[in-house]
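# Coordinates in review
Here is what each chain is made of, one letter per residue.
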Amino acid sequence: MNIKQIVGRASIVAAVLGLSACSGMSTQDRNTAIGAGVGAVAGSALSGGSALGTVGGAAVGGVIGNQVDKPRR
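Residues numbered from 1 in each chain as written. Predicted model: local features only at pLDDT ≥ 70, side-chain atom pairs only at ≥ 80, totals over all residues. Heavy atoms only, no water.

Quick look at a nonpolar patch on the surface now. Together, Ile 3, Ile 6 and Val 7 make up an exposed nonpolar region whose accessible area comes to about 280 Å². Its location among the elements puts Ile 6 in helix α1 (residues 3-20). Given the relative accessible area of 42%, Ile 6 is considered partly exposed. (Patch = residues over 30% accessible without salt bridge, like charges linked within 9 Å, V, L, I, M, F, W, Y side chains within 5 Å. Areas by Shrake-Rupley, 256 points an atom, 1.4 Å probe, with all protein chains shown as cover. Salt bridge = Lys/Arg side-chain N within 4 Å of Asp/Glu carboxyl O. Helix = DSSP H or I, 4+ residues; strand = E, 2+ residues; numbered from the N terminus. Buried < 20%, exposed > 50% of the residue type's maximum accessible area, 1.4 Å probe, protein only.)

Put into structure tokens, the structure is as follows:
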């Protein structure tokens, strides 16, 4: 087994475990996770793959996702 096969299988396992963890999330938690994912991708694309841009995008996306469907007080 080469490194590409190991990484591919590990990615599949991580994706399955990550998706199964979403079943008990509230709508706000799910929106936060989706926002962080989309923000990370956007931050990476806008910064040319910079780690700082990816992390910054994930943080901003998570905050926006958290606020989208926030219950009113």
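Our next topic: helix α2 (residues 27-46). Residues spaced three or four apart along an α-helix point in a common direction, a consequence of the helix completing one turn every 3.6 residues. Over its 20 residues, α2 extends 28 Å from the first C-alpha to the last, a length consistent with the 28 Å expected when each residue adds 1.5 Å. If you check which residues of α2 are buried, you get Gly 35, Gly 39, Ala 40 and Gly 43. Projected onto a plane normal to the axis of α2, the buried residues spread over an arc of 135 degrees and lie on a single side. Projecting away from the buried face of α2 at angles above 90 degrees are the exposed residues Ile 34, Val 38, Val 41 and Ala 45. Contacts made by the buried residues of α2 are with α3 (51-68). (Expected span 1.5 Å × (residues − 1). Arc of directions from axis to C-beta. Contact = heavy atoms within 4.5 Å.)

Here the focus is the packing of α2 against α3. Interaxial distance between α2 and α3 falls to 6 Å at its minimum, and their mutual angle equals 150 degrees. Between α2 and α3, the crossing angle belongs to the class labelled roughly antiparallel. For α2 against α3, the interelement crossing comes out right-handed. From α2, Gln 28, Asn 31, Thr 32, Gly 35, Ala 36, Gly 39, Ala 40, Gly 43 and Ser 44 reach across to α3, where they touch Gly 53, Thr 54, Gly 57, Ala 58, Gly 61, Gly 62, Gly 65, Asn 66 and Val 68. (Axes fitted to C-alpha atoms, helices over the stretch in contact; angles between N-to-C directions. Parallel < 35°, antiparallel > 145°, perpendicular 65-115°, else oblique. Left-handed = near helix turned anticlockwise from the far one by under 90°.)

A word on α3. The end-to-end C-alpha distance of α3 is 26 Å, a good match for the 26 Å that 18 residues give at a rise of 1.5 Å each. Taken together, the buried positions of α3 are occupied by Gly 53, Gly 57, Gly 61, Gly 62 and Gly 65. One side of α3 carries all its buried residues, which in axial view fall inside an arc of 165 degrees. Seen from the open side of α3, the exposed residues pointing more than 90 degrees away from its buried face are Ala 51, Leu 52, Val 55 and Val 63. The secondary structure elements touched by the buried residues of α3 are α2. Taking the backbone nitrogen of Leu 52 as reference, a side-chain oxygen 3.2 Å away marks Ser 50 as the first, capping residue of α3. (Polar contact = N/O pair within 3.5 Å; in protein donor to acceptor, adjacent residues only side chain to side chain.)

Attention now goes to the confidence of the model for the protein. Scored by pLDDT, the protein comes out at a mean of 80, with 89% of its residues at no less than 70. At the level of individual helices and strands, the protein shows its lowest average pLDDT in α1, which scores 72, and its highest in α3, which scores 88. (pLDDT = per-residue confidence, 0-100.)

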